[in-house]
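A look at the structure
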Amino acid sequence: MNVLVLVLGLALVLTVCVARSPYQAVLQHSRIRGRLQGPNVCAMQQIKGTDKKYFTNCKQWYHRKICGKPTVITYECCPGYEKIPGEKGCPAALPLVNIYNTLGVVGASTTQMYSERANLKEEIEGPGSFTFFAPSNEAWAALPTEILDALVSNVNIELLNALHYHMVNSRLTSEELKHGSSFASMYQDFPVHIHHYSNGIVTVNCARLIKPDQHATNGIVHVVDRVITAISNNVNTLIDIEDDLETLRTAMAAAGLTAMLENEGQYTIFAPTNEAFEKIPQETLNRILGDPVSLRDLLNYHILKTMQCAESIVSGTPMETLQGTTLEVGCDGDQMTLNGKAIITKKDQLGTNGVIHYINELLIPDSAKVLLELAEGSSVATAAKLFVEAGLTPHLTGSEALTLLAPLDEAFKGSVSMTPNIRKLMTNHIVKEQLSSKALYDGQELETMGGLKLRVFVYRNNLCIENACIAAHDKTGRYATMFTVDKVLTPPMGTVMDVLKADDRFSLLVGAIQTAGMTELLNQQGALTFFAPTNDAFSAMSPPELNKLMRNRQELSAVLKYHLGESLLVSGGVSSHTRLKPLQGEKLELGVRNYTVYVNKVPVADADLMATNGVVHAVNSIIRPLPQKVEREQADGPAAPLRSAAASRADSQSFRNDDLFQKVVRSRSSRTMIKSQ
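Residues numbered from 1 in each chain as written. Predicted model: local features only at pLDDT ≥ 70, side-chain atom pairs only at ≥ 80, totals over all residues. Heavy atoms only, no water.

A tally of regular secondary structure across the chain gives 29 helices and 35 strands. Summarising the internal contacts of the chain: among those between residues at least 6 apart in sequence, 64% fall at separations of at least 24. (Helix = DSSP H or I, 4+ residues; strand = E, 2+ residues; numbered from the N terminus. Contact = heavy atoms within 4.5 Å.)

What follows concerns the state of the cysteines. A covalent bond between the sulfur atoms of two cysteines is what we call a disulfide. Scanning all chains against the criterion turns up five disulfides. Residue C42 pairs covalently with C78 via a disulfide, S to S 2.0 Å. Here C42 and C78 share a disulfide; its torsion about the S-S bond, 110 degrees, makes the bridge right-handed. Here C42, found in strand β1 (residues 41-47), pairs with C78, found in the loop between β4 (69-77) and β5 (81-82); they are 36 residues apart in sequence, far enough to count as distant. Summarising the burial analysis for this pair, C42 and C78 share the class buried. A sulfur-sulfur distance of 2.1 Å marks the disulfide that ties C206 to C309. (Disulfide = S-S within 2.5 Å. Buried < 20%, exposed > 50% of the residue type's maximum accessible area, 1.4 Å probe, protein only.)

On to the sheet that holds strand β21 (residues 403-407), then. Across the sheet, which stays open at both edges, the four strands sit in the order β22-β21-β28-β27 with mixed pairing between neighbours. In the strand order of this sheet, the two ends are held by β22 (430-431) and β27 (475-476), each with one partner. Where β27 lies against strand β28 (residues 481-485), two bridges are found, and the strand directions are antiparallel. Its bridge partner lying in β28, K475 is registered against M482. (Pairing = 2+ DSSP bridges.)

This paragraph deals with the pairing of strand β24 (residues 453-458). Of the pairings in the sheet, the one linking strand β23 (residues 445-447) to β24 comprises three bridges and is antiparallel in character. The residue bridging E447 from the neighbouring strand is K453, located in β24. Taking the residues that link successive antiparallel strands as the turn, the β23-β24 hairpin has five residues, and the phi of G451 there is positive, at about 90 degrees. Turn length for the β24-strand β25 (residues 463-465) hairpin, with the two strands adjacent in sequence and antiparallel, is four residues.

Think of an α-helix as 3.6 residues a turn; residues three or four steps apart then line up on the same face. If you check which residues of helix α17 (residues 381-389) are buried, you get A383, A384, L386 and F387. The arc that holds every buried residue of α17, seen down its axis, measures 165 degrees, which confines them to one face. The inward-facing, buried residues of α17 abut α16 (371-375), α18 (393-397), β21, α19 (420-427) and β22. (Arc of directions from axis to C-beta.)

Throughout the structure, instances matching the rule amount to four aromatic pairs. Relative to Y459, the ring of F457 has its centre 6.4 Å away and its plane inclined at 35 degrees; by these criteria the two rings are tilted. Of the residues examined, Y459 reaches a relative accessible area of 15% and is grouped as buried. Note that R64 overlies the ring of W61, its terminal NZ or CZ placed 4.4 Å from the centroid. Lying across the ring of Y54, R208 places its NZ or CZ 4.0 Å from the centre. (Phe/Tyr/Trp six-rings, centres within 6.5 Å; stacked < 30°, edge-to-face > 60°. Lys NZ or Arg CZ within 6 Å of the ring centre and 35° of its normal.)

To continue, consider the environment of T393. Relative to the assigned elements, T393 resides in helix α18. Judged by its relative accessible area of 26%, T393 is partly exposed. Placed 21 residues apart in sequence, T393 and L372 show a C-alpha to C-alpha distance of 7.5 Å. Not counting chain neighbours up to four residues away, the residues in contact with T393 comprise L372, F387 and V388.

One can find S312 in the loop between β15 (303-304) and β16 (317-320). Residue S312 is classed as buried on the basis of its relative accessible area, which comes to 3%. Here the side chain of S312 touches Q308 through a polar contact of 3.1 Å, side chain to side chain. Setting aside anything within four residues of it in sequence, one finds S312 in contact with Y197, N199 and I201. (Polar contact = N/O pair within 3.5 Å; in protein donor to acceptor, adjacent residues only side chain to side chain.)

F133, V204, F270, V329 and L338 are the most contacted members of the largest nonpolar core, which has 48 residues in total. Grouped together as the second largest cluster of nonpolar side chains are 30 residues, L500, L546, V616 and I622 included. (Core = buried A, V, L, I, M, F, W, Y, C linked by side-chain atoms within 4.5 Å.)

A sheet is described by the order of its strands in space; here four strands give the open sequence β2-β1-β4-β3, paired in antiparallel fashion. Looking at which strands have only one partner, the edges of the open sheet turn out to be β2 (53-55) and β3 (65-66). Pairing analysis gives two bridges linking β3 to β4, with the strands arranged antiparallel. Across the sheet, residue K65 finds its bridge partner in β4, namely P70. Across the sheet, helix α2 (residues 22-34) touches β1, β2 and β4, and the angle it forms with β1 is around 105 degrees. (Axes fitted to C-alpha atoms, helices over the stretch in contact; angles between N-to-C directions.)

Okay, α2 next. With 13 residues, α2 extends 19 Å between its outermost C-alpha atoms, agreeing within 8% with the 18 Å of an ideal straight helix rising 1.5 Å per residue. Among the 13 residues of α2, eleven are classified as buried, and the element is accordingly described as predominantly covered. Of the positions making up α2, those classed as buried are Y23, Q24, A25, V26, L27, Q28, H29, S30, I32, R33 and G34. (Expected span 1.5 Å × (residues − 1).)

Positioned with a positive phi, D348 is a non-glycine residue whose angle comes to about 55 degrees. Here Y595, not a glycine, exhibits a phi torsion of approximately 65 degrees, which is positive. Relative to the elements of secondary structure, Y595 occurs in the loop between β32 (588-593) and β33 (596-599). Residue class for Y595 comes out exposed when judged on its relative accessible area of 86%.

Attention shifts here to the environment of H357. Note on placement: H357 falls in strand β20 (residues 354-359). For H357, a relative accessible area of 0% corresponds to the buried category. Between the C-alpha atom of H357 and that of I344, which follows or precedes it by 13 residues, the distance is 6.6 Å. Residue contacts for H357: discarding those within four places in its chain leaves T268, I269, F270, A271, Q308, A310, M336, I344, K346, K347 and D348. Here D348 takes part through its backbone nitrogen, which lies 3.1 Å from a polar atom of the side chain of H357.

Turning next to the confidence of the model for the chain. Detailed conclusions should not be drawn from predicted coordinates in areas where pLDDT is low. Confidence in the prediction of the chain, expressed as mean pLDDT, is 89, and 90% of residues score 70 or more. Counted against residues more than four places away or in other chains, residues 3-17, with its pLDDT under 50, gives twelve contacts. Predicted confidence for residues 639-677 stays below pLDDT 50, and this span has 58 contacts to residues more than four positions away or in other chains. (pLDDT = per-residue confidence, 0-100.)

This part covers the side chain of S174. Structurally, S174 is set in the loop between β8 (167-168) and β9 (182-184). Excluding anything up to four places from it in sequence, S174 contacts Y23, Q24, H196, D213 and H222.

Moving on, we come to the packing of helix α14 (residues 282-289) against helix α15 (residues 292-300). Contact geometry for α14 and α15: axes closest at 6 Å, N-to-C directions at 100 degrees. As judged from the angle between their axes, α14 and α15 are roughly perpendicular. On α15, the residues touching R287, I288 and L289 of α14 are S294, L295 and L298. Across the contact of α14 with α15, the residue classes break down as four nonpolar, one polar and one charged. (Parallel < 35°, antiparallel > 145°, perpendicular 65-115°, else oblique. Nonpolar A, V, L, I, M, F, W, Y, C, P; charged D, E, K, R; others polar.)

Written as structure tokens, this is what we have:
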């Protein structure tokens, strides 16, 4: 069985590699998937509850979905083959007959009937070499009654002209239907427009070829899913003559885009209706319409560089706009979607140089927004509300070159009421220049509107400003930029020693520091990381052991320096197997598990207490060196099996009896210890 799977897989790779076009690649994949049903059988995916079928590609085969809807696998004879009663698969090649008779056997009998009524039968039965894009029976049934009545009421002119527009006076296989090509039809040489997409879908005037390459003695038939009509206007003219696009027409003219839409091209325009413009707050709309740069960005954001017919979309795909960013063009059942939203009201209005899809919602790119608009309605809505309540709206809606540091909603614990301190804090989340996160560097200082200097820290896995790390891509607006950060900033308000003195949890530690003669070290300039033992950490020791430690200044200094890292490391800079060199002793092993930082398997109880010369992380246990065996493991959580709290406390109480810990205490000579003090 494994050998069979391997052989089929190899055959699939080889046949797809030699395929001559995207459609041929998909067809050959369908052949491989249908091979077990017999020769010349193609696997098709049919959307449940509909008659829509597709030759299958790898992605669709494994996902079993098209346009987000589940599919069922059906098996049919591949193009050009038929069944023989009593035999497996489709072993027989279809006999070649003329185009007229071919129409009757490929699901286009209605086209065959209308061809006879329009006196086209003799032409497509006779000599020649034609390509007939033949509407399926369902395509004719879907045609609006008034259009069909107009055609059949004048069969010798209207119907004949319509059918001739579906014909090209040469044989064109799917391989020759190149993307972006056009061919003169047999109706006054009006061109038919071909698009051959990378997913294997081929369209003519945005009608999908559902049964391509049905060969005949005098040409070839491609069955299509709709009746197509002749095109004579470019997309700019289509916008000009549509009353529902009056606002768009005015905006296009003001932005100077009219000439571009009159020239040759392959554009896709998602055209906002008048209703779409009316949904935008008048103040916002007036600002954009009055700013040539914002207006041009807005309109170019609605135009794709390539032509995308609705039938070419089978799943969400990012596509580049003329504005430079991308839109995700997708589908949900029979609805076309933009950025996941079903806002397209009319599809496939075809022009000579592109296609228009009407939308009922205006798409505003970041580059046309002010800061407040970047923040509203996103994952930083809480911060946006606080900025407004802090009276900072003029800065967030004006034309100043700023950078907004916007914490994620989850960074705020519970409801936050506006106070003078919160107002000052939010002011310090606005930097006085427009920045790009890609241009930030380690050690850089950023001045806030509150007058503080914020430090930039660059780590292997993160980019942080003080304790807050960048959590998403920059949002660059018209005048300013927004950085989404994972925490509320806690700007440094004093030295490491000041931070410890201001927090009652560290009262015993402050006394120990003073006893060890390290006060000056923690007050001087530098960049330290202090894993600061809380009162609970010291209380876990027995009174005799604590008293003995406090009386031995050299030993106490060594213990405290093992808790001090030589560089500044905030919690966001910690990843698996992060190592930090302490001021004394062997390296500290850090890791993260379930959003908690561990140092030598001791959890950090409170991280990122920022200081001007470092950062403090509170720990509720004295940190001890890891045994050599454990050092090789990932220090990102408690050792397995998990130990009880009582056992952990016992370890803390007996830490001075640990030979390895004694090595730390004695790792520096008395001369070095005195010098460092």
